[in-house]
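Read off the chains here:
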Amino acid sequence: MRQVILDTETTGLDWKLGHRVIEIGCIEILARRITQNVFHSYFNPDRAVDLEAQEVHGITTQFLLDQPKLSELLEEFLSFIKGAELIAHNASFDIEFLNNEISLIDPARGQIDDYCQVVDSLALARQLHPGQRNSLDA
C-alpha cells in the first residue's frame, strides 16, 4: 500500500475569506517505510500572510514573493498523490484549502478525493485516545 503523509501551511485559517495555500509538504511511505520520494514546495499566494499565521509557521509574505504559483506545480502535486492513501492531521482543513486551490486554478480538475483516499489522523487519534490531547505535538 502506498501512503502519502501531507501537511500544508496557509496565509490564514479560512479559505472562504480568501486565504491561500503557501506550502505543501508530502512524504511517501511504501510497505510501512519512508521512501526518498517527496513533494515539497512553497507558493506565492498573491496576498499577504496574516500575522497570526506567520507566528505559527514563520513564513513571511516577503519570502513567498519569489516562489512559484501553485498553478505551476498543481499537475506534479496531483500526480504525486494519485492512487495513494493520503494521511493528514485534521485533514478537513488541508483538503478544503486544496480543493479551493484546485477550483481557482481549474475546476475541471475535480477535487482531492478524485485522486486519492483521505485519512484523518486526528480523527483516528480521537478514537484511540478519547478525551486526551490529540494535537501533533501531543
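Everything numeric here is computed off the predicted structure, so don't read it as measured data.

Next up on the list: helix α4 (residues 91–105). Counting along an α-helix, one turn takes 3.6 residues, and residues three or four places apart therefore face a common direction. Taking 1.5 Å of rise per residue, the 15 residues of α4 would be expected to cover 21 Å, and the 21 Å separating its terminal C-alpha atoms lies within 8% of that figure. Taken as a whole, α4 has its buried residues at Ala91, Asp94, Ile95, Phe97, Leu98, Asn99, Asn100, Glu101 and Ile102. Packed against the buried residues of α4 are β1 (2–10), β2 (21–30), α3 (70–81), β4 (85–88) and β5 (117–120).

With that out of the way, let us pick up the sheet that holds β5. The 5 strands are arranged β3-β2-β1-β4-β5 in an open sheet whose pairing can be described as mixed. With one partner strand each, in any of the chains shown, β3 (33–42) and β5 form the two edges of the open sheet. Looking at each pair of strands side by side, their axes are set apart by 25° on average, direction ignored. In this structure, β1 lies alongside β4, joined through 3 bridges in parallel fashion. Its bridge partner being in β4, Val4 is matched across the sheet by Leu86. Across the face of the sheet, α3 comes into contact with β1, β2, β3 and β4 while running at roughly 165° to β3. Of the strands in this sheet, β4 and β5 touch helix α5 (residues 121–128), which is tilted by about 45° from β5.

Across all of its chains, the model carries 0 disulfides by this definition. Cys116 provides the cysteine sulfur closest to Cys26, a residue in no disulfide bond, and the two sulfurs are 9.1 Å apart. Judged by its relative accessible area of 3%, Cys26 is buried.

Conventions we followed
- Residues numbered from 1 in each chain as written.
- Predicted model: local features only at pLDDT ≥ 70, side-chain atom pairs only at ≥ 80, totals over all residues.
- Heavy atoms only, no water.
- Helix = DSSP H or I, 4+ residues; strand = E, 2+ residues; numbered from the N terminus.
- Expected span 1.5 Å × (residues − 1).
- Buried < 20%, exposed > 50% of the residue type's maximum accessible area, 1.4 Å probe, protein only.
- Contact = heavy atoms within 4.5 Å.
- Pairing = 2+ DSSP bridges.
- Axes fitted to C-alpha atoms, helices over the stretch in contact; angles between N-to-C directions.
- Disulfide = S-S within 2.5 Å.

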